Amino acid sequence: MEDIVFESVRTVTQEEFARLVEERARTGDLHEYELLNGRIVMTPPAGFPHGALEVAVCAVLLRFVQERGLGLVFGPSQGFTLPSGDTLSPDAAFVSNERWRAGPAPADGEFIRIVPDLVVEILSPSTASRDRGEKRGIYERNGVREYWLVDARARTVTRFVLRANAYDAGRTFDDGASVESEILAGLSVPVSSLWLTAPART
């Protein structure tokens, strides 16, 4: 059975959403919550190998960005409060020095009110349609300059680049190729390097 996703039946504001997430965190709730077009969407913890892919993608971005002093890299627990009224927590995100300095100073324990330059979402059975559709539209409207979709089943990475306020048609990189970033010039990631190589079971 595929993961079950729950959505609120009424819309809420970003302030209401932030209070709900804070209350849930105090109870030890492990679910992920996002605010999409006014709806609270709850997703259960992801199944294998989603977590390993998150680490692999974040490690690649972090190493490249830190070596060049380009900005900050965030993992899947970081929420971003976007100008459109949505609050999302992508699987990986890069914020350039320019956007970080231009945005409001973040407060401890609160979501960041900055639009990332690059966002990565890892597809799972419960999130794939939203990642490809609704969330892609939200990232586009808010000015996320580059958007990657990582598909472990197809062993591909699809990259969308913002051009004239809209994403291009996207380019898919398969297992034998390297995905190249346009906003992180020089970043080239062999797609095959992202997949988990688990130790042999005895």
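Look a little higher up for the structure.
Residues numbered from 1 in each chain as written. Predicted model: local features only at pLDDT ≥ 70, side-chain atom pairs only at ≥ 80, totals over all residues. Heavy atoms only, no water.

Details of helix α1 (residues 14-26)
Stage number 1. Taking 1.5 Å of rise per residue, the 13 residues of α1 would be expected to cover 18 Å, and the 19 Å separating its terminal C-alpha atoms lies within 8% of that figure.
Stage number 2. Positive backbone phi, approximately 80°, marks Gly28, located one or two places after α1. (Helix = DSSP H or I, 4+ residues; strand = E, 2+ residues; numbered from the N terminus. Expected span 1.5 Å × (residues − 1).)

Notes on the nonpolar core
Stage number 1. Ranked by internal contacts, the top residues of the largest apolar core, which has 26 residues, are Leu61, Leu118, Val120, Trp148, Leu184, Leu187 and Leu194.
Stage number 2. Listing elements by their share of this core, those giving two or more residues are α2 (50-68), β7 (92-96), β8 (118-122) and β9 (146-151).
Stage number 3. Per-element tally for this core: the top contributor is α2, with eight residues.
Stage number 4. Contacts of Leu61, omitting those with residues within four sequence positions, involve Val73, Ala92, Leu118, Val120, Leu184 and Leu187.
Stage number 5. With 21 residues, the next largest nonpolar core counts Ile114, Val115, Phe160 and Tyr167 among its residues. (Core = buried A, V, L, I, M, F, W, Y, C linked by side-chain atoms within 4.5 Å. Buried < 20%, exposed > 50% of the residue type's maximum accessible area, 1.4 Å probe, protein only. Contact = heavy atoms within 4.5 Å.)

Topic: the pattern of salt bridges
Stage number 1. Per the counting criterion, the structure on display carries 13 salt bridges.
Stage number 2. Here Arg39 makes a salt bridge to Glu134, at a shortest N to O gap of 2.7 Å. Here Glu134 lies in helix α5 (residues 134-142) and Arg39 lies in strand β3 (residues 39-43), a separation of 95 residues in the sequence.
Stage number 3. A relative accessible area of 23% places Glu134 in the partly exposed class.
Stage number 4. Residues joined by salt bridges that share partners form a network here, namely Glu34, Glu121, Asp131 and Lys135. (Salt bridge = Lys/Arg side-chain N within 4 Å of Asp/Glu carboxyl O.)

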